Every structure is written in C-alpha cells, then in structure tokens.
Amino acid sequence: MKKTISITLLLMLSFFSAQKTKFYTFDKEIIYTFEALAKKTDTSIFINSDDDSYFLRVYSGIAGSTAKIFDWKNKQIHIFNLSKNPKKGENYYDFHFNKTTNLSASSTIKKDKISIEDLSNENNKKIVIYTSKRKKRIDREVTFSTVTSDKNLFFAFRYIALHPYEQATNIDINDKAIVEKAIVKNAKLLCNYKLKTINPVSLDLKTN
C-alpha cells in the first residue's frame, strides 16, 4: 500500500512539474537603432518568427546581465540570469532560469480609436492612435516605412517601440515585411527607429 501511494505521489509531482515547465524557441534577433533627446543607442529583442505570442529581451546592468521572456499568452515573465561562456565565443551567454512572475496585460486599442493611412506609396504608412473614439486628441503617432521580409515581422517593431500597446494586433500590417524606419511621437517625446540588422539565431530555453 505504501509503495502504491509513493508511486502515485511521484507521478503527480512529475505531472505538475511538467505542467509548469515551458519551452521557448527563438530564431531571429532584431536590432534597431533608437534615437531620442539627442541620444542614440541600440535596442534589440529575440523572437520566434512563427509565433508572436512571446519575445526575449536582454538587460545589462552593474549587477550583471539578465534576460526576460515576455509570454503574452500565459501572462507570465520568465527571468534568467546570464553568465558569459568564453569557451563558446566572446558574446556567448549561458542562461540560468531564476523565477517566473505575472505579466500584466498591455493596452489594447479599440478600432474606433485608430486611423491607418498609406502615405507616398504602399511601403510608407502612418498609424494614429487617439485617446478616444471622438478622435480629437492624439495619444501616439507612428510614421514608418517597411522592407520586404521572408515573413510578417511587424510584431517585432510593435514589441520594441509601441509600449504600452504591445498586444495591439489590430494595428499590424498584413504584408511579409518588417519596419525599416519609423518616427514615434506623443505629446512629450519624439523617437526615431532604424532597423540595424536581423541576425539568425538558434536559441532554445525552458523554465525550471
């Protein structure tokens, strides 16, 4: 009887552990040059070009480097500590899972608060996000141009540049393209983005 209970308990623990463990695959690193207030820097994320429900961002600080997976589908942030591995290359990091926290849903945008228009040609567009459906006051204005890509990668720009509207999929374009240049402005700030590079990567991570 004790043996049966032990086996059952072990199977239950294994099941719940498997339920908690999540697997993520990344195949591209998207890097933009970001300029605002006369300061220029690079900003990047890692994505799965076949799944726009999550992305990875690396943060560097005095205390060391960390990485965060933002999983919008499961409303979770998975945090990893990073350590350099010189044996595998100068810029190679090992990922060490740390913890998982809850992710608050980002803002969505109702259709009647959005204006999308083509500019000089089909590769140049402007998205205007208004504070209300009356469309009298602008919250965000995004003017951008695109270049052809093997897949629709607009969501990568949305994740990098359009906080708090990371989940506003109704502003996405339908083309196999990626944003090449963009100007994002609101009442307080004007930001310029320019696509620097798209790096192919092969990165598989799991939690726990």
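Please read these numbers as outputs of a predicted model, since none were measured by experiment.

S.K.: Is there a simple way to think about the sheet that holds strand E8 (residues 124–130) in this case?
M.R.: Picture the strands of a sheet paired through backbone hydrogen bonds; they go either parallel or antiparallel. Taken in spatial order, the 11 strands make up an open sheet running E6-E5-E4-E3-E2-E1-E11-E10-E9-E8-E7, and their pairing is antiparallel. The sheet terminates laterally at strand E6 (93–102) and strand E7 (114–118), the two strands that pair on one side only. Each adjacent strand pair in this sheet contributes to an overall mean axis angle of 25°, direction not counted. Sheet analysis places strand E1 (residues 23–36) next to strand E2 (residues 39–48), joined by nine bridges and oriented antiparallel. Bridge pairing in E2 places Thr-33 opposite Asp-42.

S.K.: Mind showing me how you'd approach unusual backbone geometry here?
M.R.: Backbone geometry follows two general trends: most residues other than glycine have a negative phi, and most peptide bonds adopt the trans configuration. Here the residue pair His-163 and Pro-164 is connected by a cis peptide bond, since its omega of 10° sits within 30 degrees of zero. Along the chain, the position of Pro-164 falls in the loop between helix H2 (154–161) and strand E10 (177–185). We note that Leu-37 has phi near 50°; this positive angle belongs to a residue other than glycine. Within the secondary structure layout, Leu-37 lies in the loop between E1 and E2. A positive phi angle, near 65°, is found at Asn-208, a position not held by glycine. Inspection of the secondary structure puts Asn-208 in the segment after strand E11 (190–206).

S.K.: Would you mind showing me how to read the pattern of salt bridges here?
M.R.: If charged atoms from side chains of opposite charge come close, those side chains can pair. With the rule as written, the count across this model stands at six salt bridges. Here Asp-50 and Lys-151 are joined by a salt bridge, their closest N and O atoms 2.7 Å apart. Within this pair, whereas Asp-50 is found in the loop between E2 and strand E3 (51–61), its partner Lys-151 is found in the loop between strand E9 (138–148) and H2, the two being separated by 101 residues in sequence. Judged by its relative accessible area of 60%, Asp-50 is exposed. Residue classification places Lys-151 among the partly exposed positions, given a relative accessible area of 25%. For Glu-141, the salt bridge identified is with Lys-185, shortest N-O distance 3.6 Å. A residue pair is termed long-range when its members are at least 10 positions apart, and Glu-141 in strand E9 and Lys-185 in strand E10 qualify at 44 residues. Judged by its relative accessible area of 15%, Glu-141 falls in the buried class.

S.K.: Mind showing me how you'd approach the pairing of E9 here?
M.R.: Looking along a regular strand, one sees the side chains alternate between the two faces of the sheet. In the sheet, E8 pairs with E9 via seven bridges, with the strands oriented antiparallel. Paired with Ile-129 across the bridge in E9 is Arg-140. Two strands pair when backbone bridges link them, and E9 and E10 are joined in this way by eight bridges, in the antiparallel orientation. Looking at the pairing, Ser-145 lines up with Lys-181 of E10.

The rules behind these values
Residues numbered from 1 in each chain as written. Predicted model: local features only at pLDDT ≥ 70, side-chain atom pairs only at ≥ 80, totals over all residues. Heavy atoms only, no water. Pairing = 2+ DSSP bridges. Helix = DSSP H or I, 4+ residues; strand = E, 2+ residues; numbered from the N terminus. Axes fitted to C-alpha atoms, helices over the stretch in contact; angles between N-to-C directions. Salt bridge = Lys/Arg side-chain N within 4 Å of Asp/Glu carboxyl O. Buried < 20%, exposed > 50% of the residue type's maximum accessible area, 1.4 Å probe, protein only.

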